[in-house]
Each structure stands twice: as C-alpha cells, then as structure tokens.
Amino acid sequence: MRPLSDREQKLVALGLLVLAVAVIWLGLVSPILAGFGARALEREQLTAAYSRNQRIMAGFPVWRSQLDQQARDAGRFAILAPTPALASDLLRERLTRTFTALGAEITSVQDLAADAPKGWVAARIDLRLTEAQLKAGLERLENEEPYVLVDYFAVAAERAFETGRAGPVDVRIDVRARHRPPRRPS
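So, here's what we can say about the structure.

**Digging into the packing of helix 4 (residues 84-101) against helix 5 (residues 131-143)**
Line of reasoning, step 1. The contact between helix 4 and helix 5 brings their axes to 9 Å, and the two run at 140 degrees. Between helix 4 and helix 5, the crossing angle belongs to the class labelled oblique. Relative to helix 5, helix 4 is oriented so that their crossing is right-handed. Contacts between helix 4 and helix 5 involve Arg-94, Leu-95, Thr-98, Phe-99 and Ala-101 from the former and Gly-137, Arg-140 and Leu-141 from the latter.
Line of reasoning, step 2. Among the residues making up the contact of helix 4 with helix 5, the classes are represented as 4 nonpolar, 2 polar and 2 charged.

Listed below in structure tokens is the structure:
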C-alpha cells in the first residue's frame, strides 16, 4: 500500500473530524438539547396548568357564596315539606287558595303524584272562571313562590258557543313543583 499524499491525508483527517463531530452531535449534544427543549415545553405546560388551577381556586369563594345563596333560595323553587304527601297537599292547597281568592268555582283538585318524576309533586285543578280571573290566576301562579311548572293547560268555552256571548270557561291546569325536605340547621 502506498503512502497517502498530503492532500489525501487532509481529506481523511477532515472526514474523521466531520465523523467525530457528527458522533458527538448525534450521540451527546443533540439528546441533551432535546432534553432541555422537552423540559422547557413541560415547564410551560405545567406553568399554564398552575395558572389555570390558580384561577379556578380563586373562584371557590364565589362558588361557595353562590351555593349558600342557592340553599337560602331553595324555598323559592321548591315546596319545603318533610314528606312528598305533605308537599302534594301544600301544592293543592296553594292552587285552591289562588283561584278561590279570585272568585273562581273549583270543580275538583286532584293529586297527580303517580305522574310526577322523582323529587316532584303534581296536582290538577279543574275550575270554572272568567277570562279576567284566569289571567289573574295564571299571573299569581307565575309570580308567587314557590315557583311551579304548568304541565298541561286546557280551556273549554262550550257555554260561549251555545249562548253566543263570552262567559265563564272551564279550565284544567296540571301543575308540578319540586319537593325538598327542609334543610336541617348544622
């Protein structure tokens, strides 16, 4: 084998240098830099999660006060009674009282507990009243507490059809309300 010329020796040395740099870069520097980059990305994600969690935790007092307010307002949105039977009686009594105060003729009031979802009580009232009494009664049902839902509403004006003039109408209203036992003081 013949000895390498100066130029060939320089090329081989340069090749070995490039190879050494590539091995050092790929084997040592690149993984270290990739690790720094991955840790920097993870640090950014953790910082963002920490900031988000801090904002959520800052909302806890507000949520607590809203929860307390909802507990205080439970009576506005539910009939507070120890048992569903008592709550149903209170709902029927409220319907009777509302329309009797307006001068309506009540033909029947029924409990619809079998049709009510769990946690609800329901009642049906059949009555005969004028249009003005009906309007006032519905306004009272809408605005007085505890708030109720009207599930069914039917009006029959058969007498007006027979007589040809406006008069009392027969109305059927199915109403339901949430039932909640009274909150015990802690």
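**What about the packing of aromatic side chains?**
Line of reasoning, step 1. In total, this model carries 2 aromatic pairs according to the counting rule given.
Line of reasoning, step 2. When the ring of Phe-60 is compared with that of Trp-63, the centres are 5.5 Å apart and the planes differ by 50 degrees; the resulting orientation is tilted. With a gap of 3 residues between them, Phe-60 and Trp-63 both fall in helix 2 (residues 60-72), about one helical turn apart.
Line of reasoning, step 3. Here Trp-63 falls in the partly exposed class, since its relative accessible area comes to 45%.
Line of reasoning, step 4. With a centroid separation of 5.3 Å and 50 degrees between ring planes, the pair formed by Phe-77 and Tyr-147 is classed as tilted. Residue Phe-77 is located in helix 3 (residues 74-77), and its partner Tyr-147 is located in the loop between helix 5 and strand 4 (149-156); the two are separated by 70 residues in the primary sequence.
Line of reasoning, step 5. Sitting over the ring of Trp-120, Arg-176 keeps its end group 4.7 Å from the ring centre.

**Some words on the environment of Asp-73**
Line of reasoning, step 1. By the secondary structure assignment, Asp-73 is in the loop between helix 2 and helix 3.
Line of reasoning, step 2. By relative accessible area, Asp-73 is classed as buried at 18%.
Line of reasoning, step 3. Distance in space between the C-alpha atoms of Asp-73 and Pro-146 is 9.8 Å, their sequence separation being 73 residues.

**Looking at the side chain of Asp-174**
Line of reasoning, step 1. Turning to its location among the elements, Asp-174 is positioned in strand 5 (residues 169-180).
Line of reasoning, step 2. Setting aside residues no more than four positions away along its own chain, Asp-174 makes contact with Leu-112, Ala-123, Arg-124, Leu-149, Val-150, Asp-151 and Tyr-152.

**What about the nonpolar core?**
Line of reasoning, step 1. Counting 20 residues, the largest nonpolar core has Ile-79, Leu-91, Phe-99, Leu-129, Val-171 and Val-175 as its most contacted members.
Line of reasoning, step 2. Residue assignment for this core shows that the elements contributing at least two residues are helix 4, strand 3 (120-129), helix 5 and strand 5.
Line of reasoning, step 3. Those residues in contact with Leu-91 that sit more than four places away from it in its chain are Ile-79, Val-121, Ala-122, Ala-123, Val-148, Val-175, Arg-176 and Ala-177.

**Observations concerning helix 5**
Line of reasoning, step 1. Taking 1.5 Å per residue, 13 residues should reach 18 Å; helix 5 reaches 18 Å between its end C-alpha atoms and fits that length.
Line of reasoning, step 2. Within helix 5, burial applies to Gln-133, Leu-134, Gly-137 and Leu-141. Buried residues of helix 5, seen end-on, are gathered within an arc of 100 degrees and therefore sit on one face of the element. Residues of helix 5 that are exposed and point over 90 degrees away from its buried face: Glu-131, Ala-132, Lys-135, Glu-142 and Asn-143.

**As for the pairing of strand 3**
Line of reasoning, step 1. The buried fraction of strand 3 amounts to 8 of the 10 residues, a majority that puts the element mostly inside the structure.
Line of reasoning, step 2. As judged from the 10 bridges shared by strand 3 and strand 5, these two strands associate in the antiparallel manner. Note that in strand 5 the partner of Leu-127 across the bridge is Val-171.

Conventions used here
The residue numbering used here restarts from 1 in each chain and proceeds along that chain's sequence as written. Reporting in this predicted model follows two pLDDT cut-offs: at least 70 for local features of residues, and 80 or more for side-chain atom pairs to be given and counted; totals over whole chains, interfaces and linings ignore these cut-offs and use all residues. The side-chain numbers reported here are obtained from all heavy atoms of the structure, hydrogens and water having been left aside. Axis lines are fitted through C-alpha atoms, for helices just across the contact stretch, and the angle between N-to-C directions can take any value from 0 to 180 degrees. Strands here mean DSSP runs of E at least two residues long; helices mean DSSP runs of H or I at least four residues long; both are numbered from the N terminus. Small angles under 35 degrees read as roughly parallel and large ones over 145 as roughly antiparallel, with 65 to 115 read as roughly perpendicular and the rest as oblique. For any helix crossing, the convention is left-handed if the near helix is rotated counterclockwise from the far helix by under a right angle, and right-handed if that rotation is clockwise. Throughout, a contact is declared for two residues whenever any of their heavy atoms are within 4.5 Å. Ten residues, namely Ala, Val, Leu, Ile, Met, Phe, Trp, Tyr, Cys and Pro, are considered nonpolar, four, namely Asp, Glu, Lys and Arg, are considered charged, and the remaining ones, Gly among them, are considered polar. Any two of the Phe, Tyr and Trp rings considered here, Trp counted by its six-membered ring, make a pair once their centres fall within 6.5 Å; the pair's planes then place it as stacked at under 30 degrees, edge-to-face at over 60, or tilted in between. Remark: exposure states derive from per-residue accessible area (1.4 Å probe, protein chains only) relative to the maximum for the residue type, with buried under 20%, exposed over 50%, and partly exposed in between. Both a distance and an angle decide whether a charge sits over a ring: NZ of Lys or CZ of Arg must be within 6 Å of the ring centre and within 35 degrees of the ring normal. Here, nonpolar core refers to any group of buried Ala, Val, Leu, Ile, Met, Phe, Trp, Tyr and Cys residues whose side-chain atoms link them within 4.5 Å. Given a helix with a known number of residues, its expected span is that number minus one, times 1.5 Å. Think of the arc as the fan of directions from the helix axis to the C-beta atoms. Two strands pair if DSSP finds at least two bridges between them.

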